[in-house]
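# Observations on the three-dimensional arrangement
Residues per chain are reported as follows:
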Protein chains: 2
Amino acid sequence: MTMANSLFERLRAGDRAALAKAITLVESARPDEQEEARSLVRQCLPHAASALRMGVTGIPGVGKSTLIDALGLHFIEHGHRVAVLAIDPSSPKSGGSILGDKTRMERLSVHPQAFVRPTAAGGTLGGVARRTRETILLCAAAGHDRILVETVGVGQNELAVDRMTDLNLLLMISGAGDDLQGIKRGIMESADLIAITKTDGANAERNARAATDLRQAIALLSPRENGERPGVLLCSARTGSGVPELLRALEGMAAARLADGTLFQRRRGQDLWWMRSAVEESLLNAFQTDARVSGSLSAIEAQVVDGTLDPFEAAAALVRLHRGA
Amino acid sequence: MTMANSLFERLRAGDRAALAKAITLVESARPDEQEEARSLVRQCLPHAASALRMGVTGIPGVGKSTLIDALGLHFIEHGHRVAVLAIDPSSPKSGGSILGDKTRMERLSVHPQAFVRPTAAGGTLGGVARRTRETILLCAAAGHDRILVETVGVGQNELAVDRMTDLNLLLMISGAGDDLQGIKRGIMESADLIAITKTDGANAERNARAATDLRQAIALLSPRENGERPGVLLCSARTGSGVPELLRALEGMAAARLADGTLFQRRRGQDLWWMRSAVEESLLNAFQTDARVSGSLSAIEAQVVDGTLDPFEAAAALVRLHRGA
């Protein structure tokens, strides 16, 4: 029996060590292990469809880990098994690696019905995305039917997460002067639901005002492609207030999308998007690492920058070099 | 003397017919004319730097043409010569071709100090963008030092316009119930200034409230890369109210960016972006038109969609076909 077959049987039987080992296999750069990983992913694919995949985005300090801890326990109380993953290819930019401190998920990280996996080490977004997508499939095949993919909303990560999840939760906090921290332009585009965290004690009133402002701002924006605007909820991981409502909102949205067929339609669109995106990354990588191109690139760029060469003529010249013409 | 040399001398001398003919040359698909067009653009390049390039984005019905008419006349009153261009590669989506009705720019379209050019016929965004960029250079070399590039904010056009202008004006109208029409997600990202149009008569009070709401919404968003948030102005092309203030705001912003060097820095970044973007378009086009790829594409996509083939494995297979490996 191959390693992939053996791991597959063990993870299907709920063996946590096998799941951890399977993920390590998917993350491996060794060609023979990649071969095994491909085989394992193929076996998991038919068993992965029913797991719900949710993105959780928020800047450092918003309280992602503690909220995921609270939310994950609620999912478990409702009979689900939870997995928590993370996308963070560029941890230097994010101000510390997310999930680096598993201890902040005090209850979830030790719960038998939960599986918490810190982010894999860096690499290209495409590489990280691929490994994360495959890890989702492994966790789903291992019986984790509620999968939370955590990301800091500081760059392209939240767009990548939007391409691999069924719905997305954006976490925000209110700062001094009622300002909402954590709306980076573009991020709200991928939010299905927004939760203002740390709504307890002295924050409660301020957060309520912030929620009103945010709802008004959202009303000014066009809806997502599916015609929806993100709802805004208030919650506190510390007191637990709002967490059941958050779970209900997420489950309700997922059920509606399952019922009207848009959930699987979205997944098919995502798969085709990743295929096309991987083709592009591959073509561009071949171009950029082509010695014929890289030998002339800086001279050509210099001419473009000083205005003596038209950018489109420069591009044509570079592509001719790449084709060896 | 070649056609390009003759056209260049005539357009530099202010011959409007020569400018119109030069633009037609740039839009031509004939290889011999493209050759002449390249030569002409090269000659214009050193004379194009001092013209200010402004994007004007707004959905159909916002009153783009009438506002551009009013704004353009103000620029002329301040001693400038104006050119009005348009980007609209996908007019079916935009609900009618913009500038199709030059008569809506009643005064500008017949003014000797203005040059109004309807959008070129469709094509890829890259193709339209290239022709528009070159048309900007021709107009600038012909002495038009205030260039307005009009676009409907319905898709990728406003992002393309952001890549070829020095600053961008977003036009909005207030609709029923104080809602602001015309904020499509992502569009505000490229706005340097927002003008709420048709602020006259019964609209005046409603627009003032809408401006307040909009300023609050903008305060919740992160600033542009340059640290600025778009200002919000009220104006009416019909009464002329707010139009001088709009002109002053645009000129002030341009002067500040010229003084601190960011204007030319932005143009250099744009040129490199267009070069890279043209390389990508060319590589992808070669891939998509490769018979070895297109012969297998739909079968491979079908496997991805039904979940039997991993998107990344599908991409690798397609790239191998393209390389003939």
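Here's a quick rundown of the structure. (Residues numbered from 1 in each chain as written. Chains lettered and ligands numbered in written order. Predicted model: local features only at pLDDT ≥ 70, side-chain atom pairs only at ≥ 80, totals over all residues. Heavy atoms only, no water.)

### Section: the overall build of chain A
Rules: To qualify as a helix, a DSSP run of H or I must reach at least 4 residues; to qualify as a strand, a run of E must reach at least 2; elements of each kind are numbered from the N terminus. Three labels apply to residues, based on accessible area from a 1.4 Å probe with only protein chains included: buried if under 20% of the type maximum, exposed if over 50%, partly exposed otherwise in between. Residue contacts are defined here by distance: any two heavy atoms, one from each residue, within 4.5 Å place the two residues in contact. The accessible surface values rely on the Shrake-Rupley method and a 1.4 Å probe; as for residues, cover is taken only from the protein chains in view.
The helix and strand inventory of chain A stands at 12 helices and 8 strands. Across the 325 residues in chain A, those meeting the buried criterion constitute 51%. Pairs at least 24 apart in sequence give 74% of the contacts found in chain A among residues at least 6 apart. Just so you have it, chain A exposes about 13,500 Å², and 53% of that area is on carbon and sulfur atoms.

### Comments concerning the packing of aromatic side chains
The criterion, for reference: For Phe, Tyr and Trp, rings pair up if their centres lie within 6.5 Å, where Trp contributes its six-membered ring, and each pair is then called stacked (planes under 30 degrees apart), edge-to-face (over 60) or tilted (otherwise).
Under the criterion given, the structure shown has 4 aromatic pairs over all chains. Note on A:W274 and B:F312: the rings are 5.8 Å apart at their centroids and 35° apart in plane angle, and the pair reads as tilted. Of this pair, A:W274 sits in helix α10 (residues 262-288) while B:F312 is found in helix α12 (residues 311-323), placing the two residues in two different chains. The two residues A:W274 and B:F312 agree in class, both being buried. Pairwise contacts between aromatic rings join A:W273, A:W274 and B:F312 into one cluster.

### A look at the state of the cysteines
Residues and elements named next belong to chain A. Rules: Two cysteine sulfur atoms make up a disulfide if the distance between them is within 2.5 Å.
Taken as a whole, this structure holds 0 disulfides over all chains when the rule is applied. Of all cysteine sulfurs in the structure, the one in C139 sits closest to C44, which takes part in no disulfide; the separation is 9.6 Å. Residue C44 is classed as buried on the basis of its relative accessible area of 0%.

### Examining the interface of chain A and chain B
Going by this rule: Here's the idea: put two parts together, see how much 1.4 Å probe accessible area each one loses, and the total over both is what we call buried area. Salt-bridge detection follows one rule: a side-chain nitrogen of Lys or Arg within 4 Å of a carboxyl oxygen of Asp or Glu. Here a polar contact is taken to be a pair of N or O atoms separated by no more than 3.5 Å, where protein atoms must pair a possible hydrogen donor with a possible acceptor and residues adjacent in sequence count only if both atoms sit in side chains.
With 54 residues of chain A at the interface, the matching set in chain B holds 55 residues. Taken over both partners, the interface formed by chain A and chain B buries close to 5,000 Å², and the fraction arising from carbon and sulfur atoms is 66%. Inspection of the chain A/chain B interface yields 6 salt bridges. A salt bridge links B:E301 to A:R276, with the shortest nitrogen-to-oxygen separation between them at 3.1 Å. Between chain A and chain B we count 4 residue pairs in polar contact (both at pLDDT 80 or more) in total.

### Notes on the side chain of B:S28
Structurally, B:S28 is set in the loop between α2 (16-27) and α3 (31-44). Residue classification places B:S28 among the buried positions, given a relative accessible area of 13%.

### Let's talk about the nonpolar core
Put simply, the rule reads: Remark: nonpolar core denotes a set of buried residues (Ala, Val, Leu, Ile, Met, Phe, Trp, Tyr, Cys) joined through side-chain atoms within 4.5 Å.
The biggest cluster of nonpolar side chains holds 51 residues, and the ones touching the most others in it are B:L11, B:L40, B:L138, B:C139 and B:I147. Broken down by element, the residue count for this core peaks at 8 residues, all from helix α6 (residues 125-141) of chain B. Discounting chain neighbours no more than four positions away, the residues touching B:L138 are B:L11, B:L19, B:A22, B:I23, B:V26, B:L40 and B:C44. Formed by 50 residues, the second largest nonpolar core is a distinct cluster that contains A:L19, A:A83, A:I87 and A:L137.

### Examining the pattern of salt bridges
In total, this model carries 38 salt bridges over all chains according to the counting rule given. The closest approach of N and O atoms between B:R292 and B:D290, which form a salt bridge, is 2.9 Å. According to the relative accessible area criterion, B:R292 is partly exposed, its value standing at 44%. A single salt-bridge network, built from bridges that share partners, covers A:R30, A:D32 and A:E33.

### Side note on unusual backbone geometry
At A:K198, a residue that is not glycine, the phi angle is positive and equals roughly 60°. Secondary-structure assignment places A:K198 in the loop between β7 (193-196) and α8 (203-220).

### Observations concerning the relation of the copies chain A and chain B
The criterion, for reference: In superposing the copies, a least-squares fit is computed on C-alpha atoms, taking residues whose pLDDT is at least 70 in both.
Placing chain A over chain B gives an RMSD of 0.2 Å and needs a rotation angle of 179°, together with 0.1 Å of translation along the axis. Taken together, the rotation and translation relating the two chain copies correspond to the operation of a two-fold axis. Scanning chain A for the C-alpha nearest the rotation axis identifies A:A217, at a separation of 2.4 Å. Looking at chain A, 100% of its interface residues are interface residues in chain B too, so the copies touch through the same face.

### Considerations on the environment of A:M105
Note that A:M105 resides in the loop between α5 (91-94) and β3 (114-116). Placed 35 residues apart in sequence, A:M105 and A:A70 show a C-alpha to C-alpha distance of 8.4 Å.

### Regarding a negative patch on the surface
Defined as follows: Think of a patch as exposed residues, more than 30% relative accessible area, with no salt bridge, where like charges cluster within 9 Å and nonpolar side chains (Val, Leu, Ile, Met, Phe, Trp, Tyr) cluster within 5 Å. Charged residues are defined narrowly, with Lys and Arg counted positive, Asp and Glu counted negative, and His plus the chain ends left uncounted. For charged residues, the charge sits on one atom: NZ in Lys, CZ in Arg, CG in Asp, CD in Glu.
A surface patch of negative charge is lined by A:E189, A:E225, B:E189 and B:E225. Mapped onto the secondary structure, B:E189 falls in the loop between β6 (180-181) and β7 (193-196).

### Examining the environment of B:L167
Residue and element names in this part refer to chain B. Here L167 lies in strand β5 (residues 167-174). Put simply, L167 and R16 are 151 residues apart on the chain and 26 Å apart in space, counted from C-alpha to C-alpha. Contacts of L167, omitting those with residues within four sequence positions, involve R53, M54, G55, D192, L250, M253, A254 and R257.

### Things to note about the pairing of strand β5 (residues 167-174) of chain A
Residues and elements named next belong to chain A. Defined as follows: Pairs of strands are assigned from DSSP output, requiring at least two bridges between the strands.
A large share of β5 lies buried, amounting to 8 of its 8 residues. Here β5 shows two buried faces, one formed by L167, L169, L171 and I173 and the other by N168, L170, M172 and S174. As defined by bridge partners, strand β1 (residues 52-57) adjoins β5 across 4 bridges and the pair is classed as parallel. Pairing of G55 across the sheet is with N168, part of β5. With 4 bridges connecting them, β5 and β7 associate as parallel partners. Bridge assignment links L169 to a residue of β7, and that residue is L193.

### What about α2(B)?
Structural remark: α-helix, 3.6 residues per turn; residues separated by three or four positions point the same way. Convention followed: Helix span, expected: 1.5 Å multiplied by one less than the number of residues in the helix.
The first and last C-alpha atoms of α2(B) sit 17 Å apart over 12 residues, in line with the 16 Å expected at 1.5 Å per residue. Its side-chain oxygen 2.9 Å from the backbone nitrogen of B:A17, B:D15 forms the N-cap of α2(B).

### A closer look at the pairing of β1(A)
All names here are of chain A. Buried residues dominate β1, accounting for 6 of its 6 residues. Of the two faces of β1, both are covered, the one formed by L52, M54 and V56 as well as the one formed by R53, G55 and T57. As paired strands, β1 and strand β4 (residues 146-151) are joined by 6 bridges and run parallel to one another. The partner of T57 across the bridge, within β4, is T151.

### Quick look at the packing of α10(A) against α12(B)
Where we set the bar: With axes taken as lines fitted to C-alpha atoms, and helix axes fitted only over the stretch in contact, angles between N-to-C directions fall between 0 and 180 degrees. Roughly parallel refers to an angle under 35 degrees, roughly antiparallel to one over 145, roughly perpendicular to one between 65 and 115, and oblique to any angle outside these ranges. Throughout, a crossing is termed right-handed when the near helix is turned clockwise from the far one, and left-handed when it is turned anticlockwise from it by less than a right angle.
Look at α10(A) against α12(B): their axes get within 8 Å of each other, and the N-to-C directions meet at 45°. One way to sum up the angle between α10(A) and α12(B) is to call them oblique. Seen along the crossing, α10(A) lies across α12(B) with a hand that is right-handed. Touching A:D271, A:W274, A:M275, A:A278, A:V279, A:S282, A:L283 and A:A286 of α10(A) are B:P311, B:F312, B:A314, B:A315, B:L318, B:V319, B:H322 and B:R323, all from α12(B).

### A word on the side chain of A:D69
Residue and element names in this part refer to chain A. Topologically, D69 is positioned in helix α4 (residues 64-77). By relative accessible area, D69 is classed as buried at 4%. Setting aside anything within four residues of it in sequence, one finds D69 in contact with R104, M105, E106, R107 and L108.

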